[in-house]
Amino acid sequence: THCGMHPYHRLHDEEEALQLPTAQTIPALVREQAERRPEEAFQQIWKPGVLGGTHKVPFGEFAGRVDRTAAALRARGLGRERAAILSQGTAEFQVYALGCMAAGATPVLLPWRQPLAQLERMVSGTACRVLLASKVCRSEAAALSDAAACLEVVWYIDEPLPKVVAVARPAD
């Protein structure tokens, strides 16, 4: 045996080598997996109103939603910046986090059960210009957009693409 290893444990040629993904980003890894196994469940995700509380999302569907979201966010001007996301732990939250990454932005994931003052510190401290918020967090998003001066726009998460709602700021 070579180096004290049993031959069974050594890799003999490229066919036995571990096939590592070639993707360099998390959204690209999801897309790569979707190409290999489009019907395989990405994850069981909690969904309000669904009997049993979860539903399965196939990789192909999930990756498609991420790609469409990234394209919509880029079309609305999101680029290399930070974008805050305020939502419950649903599929849309994960889609928008990965969609931000795929669009070139850095998602700032806000813990939706935190007090407004803490959310405002997180948004202001990261200088987020954009807030993506789920419909169920509409009142929290409105309060946060009033509290955080750096926020310029709030996009409410609606399937399949966000509706744009500009934040009105009083003139100084």
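Structure's up top.
Residues numbered from 1 in each chain as written. Predicted model: local features only at pLDDT ≥ 70, side-chain atom pairs only at ≥ 80, totals over all residues. Heavy atoms only, no water.

A.B. asks: I would appreciate a short explanation of the environment of Val 95 in the present structure.
C.D. replies: Note on placement: Val 95 falls in helix α3 (residues 91-102). Note on Val 95: relative accessible area 1%, which makes it buried. (Helix = DSSP H or I, 4+ residues; strand = E, 2+ residues; numbered from the N terminus. Buried < 20%, exposed > 50% of the residue type's maximum accessible area, 1.4 Å probe, protein only.)

A.B. asks: What should I look at first to understand the nonpolar core in this one?
C.D. replies: Generally speaking, a soluble globular protein has its nonpolar side chains buried in company with each other. Grouped together as the largest cluster of nonpolar side chains are 25 residues, with contacts concentrated most on Leu 73, Leu 78, Cys 100 and Leu 132. Among the elements of the structure, α1 (26-36), α2 (59-75), β3 (82-86), α3, β5 (130-134) and β6 (153-157) are those that each provide at least two residues to this core. Setting aside residues up to four positions removed in sequence, Leu 132 forms contacts with Leu 73, Ala 84, Ile 85, Leu 86, Tyr 96, Cys 100, Trp 155 and Ile 157. Core analysis: the next-biggest nonpolar cluster, separate from the first, contains 16 residues, Leu 86, Val 108, Leu 119 and Cys 137 among them. (Core = buried A, V, L, I, M, F, W, Y, C linked by side-chain atoms within 4.5 Å. Contact = heavy atoms within 4.5 Å.)

A.B. asks: Which parts of the structure should I look at to understand the packing of aromatic side chains?
C.D. replies: How two aromatic rings sit relative to each other is given by the distance of their centres and the angle of their planes. For the coordinates displayed, the defined rule picks out zero aromatic pairs. Sitting over the ring of Tyr 156, Arg 138 keeps its end group 4.0 Å from the ring centre. (Phe/Tyr/Trp six-rings, centres within 6.5 Å; stacked < 30°, edge-to-face > 60°. Lys NZ or Arg CZ within 6 Å of the ring centre and 35° of its normal.)

A.B. asks: Just to check I follow, could you spell out the pattern of salt bridges for this structure?
C.D. replies: Pairs can form between side chains of opposite charge once their charged atoms are near each other. If you walk through the whole model with that rule in mind, you get six salt bridges. Across the salt bridge formed by Glu 61 and Arg 65, the nearest N and O atoms sit 3.8 Å from each other. In this pair, Glu 61 and Arg 65 are both assigned in helix α2, four residues apart and thus about one turn of the helix distant. Taking relative accessible area as the criterion, Glu 61 reaches 40% and is therefore assigned partly exposed. A salt bridge links Glu 81 to Arg 129, with the shortest nitrogen-to-oxygen separation between them at 3.0 Å. Within this pair, whereas Glu 81 is found in the loop between α2 and β3, its partner Arg 129 is found in the loop between α4 (116-125) and β5, the two being separated by 48 residues in sequence. (Salt bridge = Lys/Arg side-chain N within 4 Å of Asp/Glu carboxyl O.)

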